[in-house]
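# A look at the structure
Now for the letters of each chain:
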Amino acid sequence: MGSQSVCLDSRVLHWQPSAGAQVTSQTLVDLFRSIESMNGVRTGRWQITAAQHRPFTRDQAMAIDCAKELLGVAFSEFASKHYFVLRAERMVVEADSSIQAIMEKLQVYRNRLSMVFEGFQYQLGDFQLKAGRAVLSQAENLRGIVLEVEYSPVSSIEKTRQMMQEFVDLWQEAISAQSMSGRISLLEPNFAEYALSDTYTWQHTALQYIFLFAYFLSQSQRA
Amino acid sequence: MECVVQGIIEAQHVEALDVLLQGLCEGQREAVKTHEICLKSKPISSFADSRALESLETGTVASELHLLCDLSKRPHIWTVKHIGGAMRGTGAEQLPALVRNIVESKMSNNALRFFYAVGYKMDYELLRDGFAYRFQRAFPITVTVTSVCRLPKQHSIDEATPVTPNIQLVEVTAPATADNFSDVVPAISSFAEHLSPLVNLSKPGSFAGIVSTASTAAASLLSRSDRLEHRV
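Let me sum up the structure you'll find in this document. (Residues numbered from 1 in each chain as written. Chains lettered and ligands numbered in written order. Predicted model: local features only at pLDDT ≥ 70, side-chain atom pairs only at ≥ 80, totals over all residues. Heavy atoms only, no water.)

## Side note on the overall build of chain A
Our working definition: Helix and strand definitions here come from DSSP, where helices need a minimum of 4 consecutive H or I residues and strands a minimum of 2 consecutive E residues; each element is numbered from the N-terminal end. Only protein chains enter the accessibility calculation, which uses a 1.4 Å probe; a residue whose area is less than 20% of its type maximum is buried, one above 50% is exposed, and one in between is partly exposed. Two residues form a contact once any of their heavy atoms are found within 4.5 Å. Exposure was quantified through the Shrake-Rupley algorithm and a 1.4 Å probe, taking into account, for residues, occlusion by the shown protein chains and nothing else.
A count of helical and extended segments in chain A gives four helices and nine strands. Counting from the amino terminus, chain A carries its helices and strands in the arrangement β-α-β-β-β-β-α-β-β-β-α-β-α. When burial is assessed residue by residue, chain A has 52% of its 223 residues classed as buried. Within chain A, counting contacts between residues at least 6 apart in sequence, those at least 24 apart form 66% of the total. With an accessible surface of roughly 10,200 Å², chain A has 48% of that area assigned to carbon and sulfur atoms.

See the structure below:
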């Protein structure tokens, strides 16, 4: 199924504070400054919503033969599509956004919680950077900080791997120069396990956000 | 939402219907080859029974979930179609076309595996093979003429055989909304009149039979078409 909107090769990262340090709104402001210190030009806002769904049963004793967790992702910059991830089944599905209406009518799953990732995006040569906060839609408190690096001309993950890493290292240097306590960290899913090819698509981005969503949830449960 | 009327035609008159449709829409013909999989929720527990009971209690009409794979295009295009209950009530019964809720979504090619994972299984599958015409009038109207084929083994598209070799299905549909369906229904009904020499179109479920004088109308259409071709 071909995507209409241009998909850039992307790495979804997050801010890992040093031991004992907290992630605050100021951390995000400092990260915006670090991008601007590299001459990044702010180009706009972005928002991504990730949602966790559980099987819908009025009576918990009723077991339904279906996946116990369904995760969804919607991108504000590509609103015509919706993505589902089934982690246990190692599957990423792309569909028109109307799939949400169909899933609602089927009443097999109900939304348990949603996380909103939102912030500003910047252009820096061929790179596009995003930095933003992650908050649960029901609560305003910060669950984490997401950073995303997109690279436009190439769409092969293997071809851009080294270039991306070099760019992240450069960004880390700019951050360290501001004496921030922490580092940029990557949770890269095994795309091949999810039958995703080396050619980058929106499904790759959706899977990365789902991994980050799950990571932030696990971190907040641990805290 | 969509408005729909259906009918059947003897296979020997399909060529004449093709000529008639071509004359009406100036040749917007498309091949149709669709693998259709009807899904139902897995009755492993009392979940499905409770849904059926709930449906009886609330008076709602059971919906259908169809997964369609368009084999006429490369790569194949997968679409899931949720067909809701038909509009009910005295007013709806008097309408000459069925009005029902439809929600469609294109999906990636792992759609079937996805629905298996979220609690559905295949109820039945079939292949629709034929052609379609799209008309852009006051409302977009689509006419599909297909042979409905059964698959002897699961997903055995290449071994599909027509359920009724001498009969094909004609379906006329138009998208509608809650605001405009009262305008779309007359449009579809008036369009159906154009096809009445060859096919009786009515609401799905109320079988109107074949047109007894279709042979004469078909012969007339084909000879007129031949004369036009000779003149060109």
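## Some details on helix α1 (residues 14–25) of chain B
Quick reminder of the rule: Here the expected length of a helix is defined as 1.5 Å per residue gap, with one fewer gap than residues.
When the terminal C-alpha atoms of α1 of chain B are compared, their 16 Å separation across twelve residues agrees well with the 16 Å that a helix rising 1.5 Å per residue should span. Residues V14, A16, L17, D18, L20, L21 and C25 of chain B constitute the buried set of α1 of chain B.

## A look at the pattern of salt bridges
Residues and elements named next belong to chain A. Selection criterion: Note on definitions: salt bridges are taken to be side-chain nitrogens of Lys or Arg within 4 Å of carboxyl oxygens of Asp or Glu.
The final tally for this structure, using the stated rule, is 19 salt bridges over all chains. E188 serves as the salt-bridge partner of R161, at 2.9 Å between the closest nitrogen and oxygen. Separated by 27 residues along the polypeptide, R161 in helix α3 (residues 157–177) and E188 in the loop between β9 (182–186) and α4 (202–222) bring together distant segments of the chain. What you see here is one network of salt bridges that share partners, running through E77, K130, E148 and E150.

## With respect to the pairing of strand β8 (residues 142–151) of chain A
Residues and elements named next belong to chain A. This is how the line gets drawn: If DSSP finds at least two bridges between two strands, the strands pair.
In terms of burial, β8 is a largely internal element, eight of the ten residues being buried. As judged from the six bridges shared by strand β1 (residues 9–17) and β8, these two strands associate in the antiparallel manner. If you follow D9 over to β8, its bridge partner there is Y151. Hairpin connection from strand β7 (residues 127–136) to β8: five residues lie between these consecutive antiparallel strands.

## Considerations on the environment of Y200 of chain A
Residues and elements named next belong to chain A. Among the structural elements, Y200 can be located in the loop between β9 and α4. Take Y200: its relative accessible area is 4%, and that puts it in the buried class. In sequence terms Y200 and I157 are 43 residues apart; their C-alpha atoms lie 6.3 Å from each other. Those residues in contact with Y200, other than ones at most four positions away along the chain, are C7, L8, D9, S10, S155, I157, T205 and Q208.

## With respect to the packing of aromatic side chains
Given two aromatic rings, one states the distance between the centres and the angle between the planes to describe the pair. Heads up, the condition is: Aromatic pairing here means that ring centres of Phe, Tyr or Trp (its six-membered ring) are within 6.5 Å. Orientation follows from the plane angle: under 30 degrees is stacked, over 60 is edge-to-face, and everything else is tilted. In our convention, an over-ring charge means Lys NZ or Arg CZ found within 6 Å of a ring centre and within 35 degrees of that ring's normal.
Evaluated as defined, the whole model comprises 18 aromatic pairs over all chains. Taken together, a centroid distance of 6.2 Å and an interplanar angle of 75° make the contact between Y194 of chain A and F211 of chain A edge-to-face. On the criterion of sequence distance, the pair formed by Y194 of chain A in the loop between β9 and α4 and F211 of chain A in helix α4 is long-range, its members being 17 residues apart. The buried category is assigned to Y194 of chain A, whose relative accessible area is 5%. What makes F211 of chain A partly exposed here is its relative accessible area of 27%. Note on Y133 of chain B and F135 of chain B: the rings are 6.5 Å apart at their centroids and 35° apart in plane angle, and the pair reads as tilted. Feature note: the residues F75, F78, Y83, F117, W202, Y209, Y215 and F216 of chain A constitute an aromatic cluster, connected by ring pairs. Across from the ring centre of F120 of chain A, 3.6 Å away, lies the NZ or CZ of R42 of chain A, which sits over that ring. The positively charged end of R29 of chain B is found above the aromatic ring belonging to F131 of chain B, 4.2 Å away from the centroid.

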